[in-house]
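# Breakdown of the fold
Each chain, letter by letter, is given below.
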Amino acid sequence: MPRKARRAQLLESALEVFVAQGYHAAAMDDIAERAGVSKPVLYQHFPGKLDLYLALLDVSCDTIIDNCRIALDSTDDNKQRVAAAMAVFYDYVAGESGAFRLVFESDLTNDPAVREHVERVTTECAAMIAAVIHEDTGLPDEASRLLAVSLVGMAQVSARFWLAEGSEMSREDAAALIAGLAWRGIRGYPRQD
């Protein structure tokens, strides 16, 4: 199997094991077995369990950040931008892979490298949103960043709560409800001409 395909296979198997067992309970033996490879093959691609976990975090974080960028670039209508950005987080936590658990519910958040990866989602998504707020409203950078971090936090926390509660509300309805709340607040900052 080509190296790139093998790496993807190993990441997919590792994701399943980490989501099911958490970082601390997962063993490289389990991941190698799930992937149908020997441990030496696994170690050829990832020198250790933390390296493998960080590689998975990179993929997961990039997915959220890329989808947030797409949502913001999809329209110039800020009400639709808010709705699309909120939907990114709801869609992500509702994904079948459970990858959101690596980013938002890691049992390894005290590790500086993991924390840095996880915080990248908030930092980069908020930076993109802050740029839109600043450009549209003329608010100072600091105020724009604070509003943007608040919107990202609202999306992350509410999406995780919705999923954890096993709500009967559909993902679309839940995301629309929170987008409505966010829009009612953020539209109070008028666009500058």
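If you check an unreviewed UniProt entry, the chain appears there as TetR/AcrR family transcriptional regulator from Nocardioides guangzhouensis.

### Points about the pattern of salt bridges
Where charged atoms from two side chains of opposite charge approach closely, those side chains can pair. All told, the structure shown has ten salt bridges when counted by the stated rule. Put simply, aspartate 66 and arginine 69 hold a salt bridge, and the shortest N to O gap is 3.2 Å. Placement of the pair is aspartate 66 and arginine 69 together in helix H4 (residues 49-73), with a separation of three residues, close to one helical turn. With relative accessibility at 38%, the residue aspartate 66 sits in the partly exposed group. A residue is classified by how much of its surface remains accessible, and arginine 69, at 36% relative accessible area, is partly exposed. Shared partners join several salt bridges into a network, and the residues in it are Asp58, Asp62, Arg120 and Glu124.

### Points about the UniProt feature "DNA-binding region" (unreviewed entry) in the chain
If you check UniProt for "DNA-binding region" (unreviewed entry), the listed places come out as residues 27-46 in our numbering. Span residues 27-46 is 75% helix and 0% strand, its end C-alpha atoms 13 Å apart.

### Considering the domain arrangement of the chain
According to the domain assignment, the chain consists of domain 1 (1-47) and domain 2 (54-188). Here domain 1 and domain 2 have C-alpha centroids that lie 28 Å from each other. Taken together, the contact pairs ten residues of domain 1 with ten residues of domain 2. Regarding the contact of domain 1 and domain 2, the summed buried area is about 820 Å², with carbon and sulfur atoms giving 79% of it. Here domain 1 and domain 2 share zero salt bridges between them. Applying the counting criterion to the domain 1 and domain 2 interface returns zero residue pairs in polar contact (both at pLDDT 80 or more).

Conventions we followed
- Residues numbered from 1 in each chain as written.
- Predicted model: local features only at pLDDT ≥ 70, side-chain atom pairs only at ≥ 80, totals over all residues.
- Heavy atoms only, no water.
- Salt bridge = Lys/Arg side-chain N within 4 Å of Asp/Glu carboxyl O.
- Helix = DSSP H or I, 4+ residues; strand = E, 2+ residues; numbered from the N terminus.
- Buried < 20%, exposed > 50% of the residue type's maximum accessible area, 1.4 Å probe, protein only.
- UniProt positions renumbered as here; feature names shortened; annotations may be inferred.
- Domains from an automatic or database assignment.
- Contact = heavy atoms within 4.5 Å.
- Buried area = accessible area lost by both parts, 1.4 Å probe.
- Polar contact = N/O pair within 3.5 Å; in protein donor to acceptor, adjacent residues only side chain to side chain.

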